[in-house]
There are 2 protein chains.
Amino acid sequence: MAGQRPVATLATVAEAAGVSRQTVSNALNSPELLRPDTLARVQEAIETLGYRPNRAARNLRTRASHLVGLRVEPALEGTASGLMDRFLHSLVETCRTADLHVLLFTAEDVNDPLDGYDGLLQSAAVDAFVVTDTYRGNPAASWLDQHQVPFVAFGRPWGEPTATHPWVDVDGHAGVAAAVDHLVDRGHRRIAWVGWQDTSFIGEDRRGGWLARMTERGLPTEGWELRGEDTVDYGRRAAHDLLDRAEAPTALLCVSDTVAMGALHALAERGIHPGPGGVGVVGFDDSLAAQLVTPGLTSLRQPLEQIGVEVVRLLKDRLELRTSDEPHVILSPELVVRGTT
Amino acid sequence: MAGQRPVATLATVAEAAGVSRQTVSNALNSPELLRPDTLARVQEAIETLGYRPNRAARNLRTRASHLVGLRVEPALEGTASGLMDRFLHSLVETCRTADLHVLLFTAEDVNDPLDGYDGLLQSAAVDAFVVTDTYRGNPAASWLDQHQVPFVAFGRPWGEPTATHPWVDVDGHAGVAAAVDHLVDRGHRRIAWVGWQDTSFIGEDRRGGWLARMTERGLPTEGWELRGEDTVDYGRRAAHDLLDRAEAPTALLCVSDTVAMGALHALAERGIHPGPGGVGVVGFDDSLAAQLVTPGLTSLRQPLEQIGVEVVRLLKDRLELRTSDEPHVILSPELVVRGTT
DNA sequence: GTGAAAGCGCTAACAA
DNA sequence: TTGTTAGCGCTTTCAC
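Residues numbered from 1 in each chain as written. Chains lettered and ligands numbered in written order. Predicted model: local features only at pLDDT ≥ 70, side-chain atom pairs only at ≥ 80, totals over all residues. Heavy atoms only, no water.

1. Focus on the overall build of chain A
Logical step 1: Looking only at helices and strands, chain A features 13 helices and 12 strands.
Logical step 2: Relative to a compact globule of 341 residues, whose C-alpha radius of gyration would be 20 Å, chain A shows 26 Å and is clearly more extended.
Logical step 3: Dimensions of chain A along its principal axes, counting C-alpha atoms only, are 90 × 40 × 35 Å.
Logical step 4: A burial count over chain A gives 56% of its 341 residues as buried.
Logical step 5: A separation of at least 24 residues holds for 69% of the contacts in chain A among residues at least 6 apart in sequence.
Logical step 6: Taking the average place of the 32 positive charges on the side chains of chain A and the average place of its 46 negative ones, the gap between the two points comes to 5 Å. (Helix = DSSP H or I, 4+ residues; strand = E, 2+ residues; numbered from the N terminus. Rg over C-alpha atoms; globule rule 2.2 N^0.38 Å. Buried < 20%, exposed > 50% of the residue type's maximum accessible area, 1.4 Å probe, protein only. Contact = heavy atoms within 4.5 Å. Lys, Arg positive; Asp, Glu negative; His and termini not counted. Charge placed at Lys NZ, Arg CZ, Asp CG, Glu CD.)

In structure tokens:
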């Protein structure tokens, strides 16, 4: 543990060990070059002095900061998400094992999706970026890609076939298909899709899972879907709409937990019990709300921990110029079954 | 916007502006020293070249990293919190305006509350820390304080009268007292406290608000309280216990949203309507769950945005050796009224 | 008001 | 295998 003692430098350690500064540097960066006894002597000096190489000096010399930039956006309230916590922890934790740290920044102008990146790059404050805000499409990703800045995206470059950067994404299609299977196994046949506008690539991916699997199972989809925005209120209205019909669905498969929460509101308002014996409800994200809501919301859990690991792996590859020819990872979400099914 | 163009340095700019490197440096750090026309010429060169001072070089020279370390803990699931997002954004945003950045790190050994700090300090990777994990008490705060490391805590140093470091905290007492007023105004008289164990300083602070205000209002408290841990299940059991009594409370004032969510579960199980006409429920934190749960949970909102601002202000004071003689800020949470009252 | 010199702590290249 | 030299890009004296 540090104390008030003056911070040790290479010179201090070198003197203590009776070697030159360079030898100490080698002990740290290329220990195989040293004779075992010299190495031991140097390591002991490092230990007793509590020496840690000065970051700024090392960064200056090696032209690398070992820092990864991540732009944080204002937390969206009123939606179930709140997934950032989990992802961030996983990212930071994995970065530690890769001798990297995460530097957070915000935009001066929130409406400029490119704001902030260039400054950090020009001042060599970071070596690379992680880009996460892919839900709304991401101009930052294409800009970084074009400028050959090292970065990894959480989220596919939907609709940008020329993109060449590494990315990690979640298989919404497969996840929702698995949810269909689950509902069918539970005896459901009339399974409605409560989705987003068709302008959302992610929404379309998820919807595709419903459509494909329902069709495979020989179940009807025509007329069994609704579209809207990612709000609780839309989920509520959509559920009411569907349940008002003469032939009402027995299960609501929702594009997000936020929408699913709205559906649960609607059920409560109609005095319908969610889950077995009532109407099944499934969400997507496994947000905190899903875990805490009254009967427990069945939901597709984002594999954020694995995503963090994969992001850092690809980042390391990129930074060390290792070329993965297919630097893309798609991970499946896991269905977490709770009270609503 | 950067391009592929080589990154500009002081020398590049100096040449372009026809001055020496030092003059460019002065233009940046002490512009008042330059003659207006020289300054203008230099600034134009900086602009056209897109020059940004190299961080590593500046850090090395000035012995300051302009980085603030924040240790992130694994996200607690199954609790309503999820407040980190909001706090983090506010912190990072305010840091930007103070020419600071936030560096995230994790502990190698999660069980060692001190792990990670010393390394960053020794390697001069950060200038200061923000410490947030004060809910469980914080050894890191006292260690940093003892070693005279610049840092600001979010959370009071409960039970450590010798602590001298700056901190920002939320007035749980005042918040809960306001909630009592609110409930009384709504006609409630039998208001039970669903709290934490008395080993939690924060829990005791909040409970104190209930106790004091109830007493002031001439309402009974004896026997109207329960204690337990911060889980949904405890909240559920506590609510059942209280509502089983011959003289049952008409409102449940809960120490956290997590506990309040449990209470809502219990009400649902008993077929009791939360809110007016049924049983009032109030939580603490204004978590996402509070916003999304069926009738909307009335809750005390943590002023995280202001907290971030105050934390950075105190941090700046500390880093620039400005001595605030009372570097402590206590902010009141705001009661957000929703369906459950 | 501007410029020259020195050096922060480190590592890459080369010499011994 | 170890030591010497040089220099990363910046700021801080101190001359001019």
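Moving on from the coordinates now.
2. Observations concerning the sheet that holds strand S10 (residues 298-301) of chain A
Residues and elements named next belong to chain A.
Logical step 1: Across the sheet, six strands lie side by side as S7-S6-S8-S9-S10-S12; this open sheet has mixed pairing. Two strands bound the open sheet, and with one partner strand each, they are strand S7 (225-228) and strand S12 (334-336). With strand direction ignored, the average angle separating the axes of adjacent strands in the sheet is 20 degrees.
Logical step 2: Of the strand pairs in this sheet, strand S9 (residues 280-285) and S10 are connected by four bridges, and their pairing is parallel. The partner of aspartate 285 across the bridge, within S10, is arginine 301. (Pairing = 2+ DSSP bridges. Axes fitted to C-alpha atoms, helices over the stretch in contact; angles between N-to-C directions.)

3. Observations concerning the interface of chain B and chain A
Logical step 1: Across the boundary between the two partners, chain B contributes 63 residues, which contact 63 residues of chain A.
Logical step 2: Note on chain B versus chain A: buried area summed over both sides is about 5700 Å², and carbon and sulfur give 61% of it.
Logical step 3: Counting across the interface, chain B meets chain A through four salt bridges.
Logical step 4: One salt bridge connects arginine 86 of chain A with glutamate 77 of chain B, and the closest N-O pair in it is separated by 3.8 Å.
Logical step 5: Taken together, chain B and chain A are joined by 19 residue pairs in polar contact (both at pLDDT 80 or more).
Logical step 6: Listing elements by their share of the side of chain B that touches chain A, those giving two or more residues are helix H4 (55-62), helix H5 (84-97), strand S2 (101-105), helix H6 (117-122), helix H11 (257-270) and helix H12 (288-292) of chain B.
Logical step 7: Tallying contributions element by element places H5 of chain B first for the side of chain B that touches chain A, with eight residues.
Logical step 8: Its residues assigned to classes, the side of chain B that touches chain A comprises 32 nonpolar, 20 polar and 11 charged.
Logical step 9: Direction of pairing for strand S2 (residues 101-105) of chain A relative to S2 of chain B: antiparallel, over a ladder of three bridges. (Buried area = accessible area lost by both parts, 1.4 Å probe. Salt bridge = Lys/Arg side-chain N within 4 Å of Asp/Glu carboxyl O. Polar contact = N/O pair within 3.5 Å; in protein donor to acceptor, adjacent residues only side chain to side chain. Nonpolar A, V, L, I, M, F, W, Y, C, P; charged D, E, K, R; others polar.)

4. Remarks on the relation of the copies chain B and chain A
Logical step 1: Placing chain B over chain A gives an RMSD of 0.1 Å and needs a rotation angle of 180 degrees, together with 0.0 Å of translation along the axis. Taken together, these values place the two copies in the relation of a two-fold axis.
Logical step 2: When the interface residues of chain B are mapped onto chain A, 100% of them again fall at the interface, so both copies present the same face. (Least-squares fit on C-alpha atoms with pLDDT ≥ 70 in both.)

5. Some thoughts on the protein's contact with DNA strand D
Logical step 1: Taken together, 25 residues are adjacent to DNA strand D, and Thr38 and Arg63 of chain A together with Arg21, Tyr51 and Arg61 of chain B come closest.
Logical step 2: Backbone atoms, meaning sugar and phosphate, make up 66% of the atoms of DNA strand D lying within 4 Å of the protein.
Logical step 3: At a separation of 2.9 Å, a phosphate oxygen of DNA strand D approaches a polar side-chain atom of arginine 58 of chain B.
Logical step 4: Breaking the surface near DNA strand D down by element, the ones donating at least two residues are helix H2 (21-29) and helix H4 (55-62) of chain A together with helix H2 (21-29) and H4 of chain B.
Logical step 5: Taken together, the residues of the surface near DNA strand D sort by class into eight nonpolar, 10 polar and seven charged. (Near = heavy atom within 4 Å.)

6. A short note on the side chain of aspartate 85 of chain B
Logical step 1: Its place among the elements puts aspartate 85 of chain B in helix H5.
Logical step 2: Buried within the structure, aspartate 85 of chain B lacks any salt-bridge partner; its nearest side chain of opposite charge belongs to arginine 86 of chain B, at an N-O separation of 9.3 Å.
Logical step 3: With residues up to four places along the chain from it excluded, the contact list for aspartate 85 of chain B reads Ala75, Gly82, Met84 and Asp85 of chain A.

7. Concerning the protein's contact with DNA strand C
Logical step 1: The full set close to DNA strand C counts 26 residues, and Leu10, Arg21 and Tyr51 of chain A together with Thr38 and Arg63 of chain B are the nearest of them.
Logical step 2: Within 4 Å of the protein, the contacting atoms of DNA strand C are 61% sugar and phosphate, with bases supplying the remainder.
Logical step 3: Side-chain polar atom of glutamine 22 of chain A to a base nitrogen of DNA strand C: 2.5 Å apart, as the coordinates give it.
Logical step 4: If you tally residues by element for the surface near DNA strand C, the top one is H4 of chain A, at five residues.
Logical step 5: Tallied by class, the residues present in the surface near DNA strand C amount to nine nonpolar, 10 polar and seven charged.

8. Overview of the domain arrangement of chain A
Logical step 1: Segmentation of chain A into domains returns domain 1 (10-53), domain 2 (66-168 + 304-330) and domain 3 (172-301).
Logical step 2: A C-alpha centroid distance of 36 Å is found between domain 1 of chain A and domain 2 of chain A. (Domains from an automatic or database assignment.)

9. Brief notes about the nonpolar core
Logical step 1: In this structure, Leu253 of chain A together with Leu253 of chain B are the most contacted members of the largest nonpolar core, which totals 146 residues.
Logical step 2: Not counting residues up to four positions away in its chain, the partners in contact with leucine 253 of chain B are Val176, Ala179, Val180, Leu183, Ile191, Ala192, Trp193, Val194, Trp210 and Val282 of chain B.
Logical step 3: Listed in part, the 36 residues of the second largest apolar core include Phe129 of chain A together with Leu67, Ala140 and Trp167 of chain B. (Core = buried A, V, L, I, M, F, W, Y, C linked by side-chain atoms within 4.5 Å.)

10. Details of the UniProt feature "domain: HTH lacI-type" (unreviewed entry) in chain A
Logical step 1: In the numbering used here, UniProt assigns the feature "domain: HTH lacI-type" (unreviewed entry) to residues 8-62 of chain A.
Logical step 2: The annotated region residues 8-62 of chain A carries 71% helix and 0% strand content, and the separation between its end C-alpha atoms amounts to 20 Å. (UniProt positions renumbered as here; feature names shortened; annotations may be inferred.)

11. Regarding the packing of aromatic side chains
Logical step 1: Tallying each qualifying case throughout the model produces 12 aromatic pairs over all chains.
Logical step 2: Their ring planes at 65 degrees and their centres at 5.9 Å tell us that phenylalanine 105 of chain B and phenylalanine 129 of chain B sit as a pair that is edge-to-face. Residue phenylalanine 105 of chain B is found in strand S2, and its partner phenylalanine 129 of chain B is found in strand S3 (residues 128-131); the two are separated by 24 residues along the sequence.
Logical step 3: On the basis of relative accessibility, which here comes to 2%, the residue phenylalanine 105 of chain B falls in the buried class.
Logical step 4: Members of the aromatic cluster, connected to one another through ring pairs, are Phe105, Tyr117 and Phe129 of chain A.
Logical step 5: We note arginine 206 of chain A situated over the ring of phenylalanine 284 of chain A; from NZ or CZ to the ring centre the distance is 3.6 Å. (Phe/Tyr/Trp six-rings, centres within 6.5 Å; stacked < 30°, edge-to-face > 60°. Lys NZ or Arg CZ within 6 Å of the ring centre and 35° of its normal.)

12. Digging into the packing of H5 of chain B against helix H13 (residues 304-319) of chain B
All names here are of chain B.
Logical step 1: The contact between H5 and H13 brings their axes to 8 Å, and the two run at 40 degrees. Considering the angle they form, H5 stands oblique to H13. Our pair here, H5 against H13, has a crossing hand that is right-handed. Taken together, the residues of H13 that come into contact with H5 (itself represented by Arg86, Phe87, Ser90, Leu91, Thr94 and Cys95) are Leu304, Glu305, Ile307, Gly308, Val309, Val311 and Val312.
Logical step 2: In the contact of H5 with H13, the residues fall into eight nonpolar, three polar and two charged. (Parallel < 35°, antiparallel > 145°, perpendicular 65-115°, else oblique. Left-handed = near helix turned anticlockwise from the far one by under 90°.)

13. Notes on the pattern of salt bridges
All names here are of chain B.
Logical step 1: All chains considered together, the criterion is met by 58 salt bridges over all chains.
Logical step 2: For arginine 213, the salt bridge is made with glutamate 216, and the minimal N-O distance between the two is 3.3 Å. Here glutamate 216 and arginine 213 lie together in helix H9 (residues 201-216), a separation of three residues that amounts to about one turn.
Logical step 3: Two residues, arginine 322 and glutamate 320, come together in a salt bridge whose shortest N-O distance is 2.0 Å.

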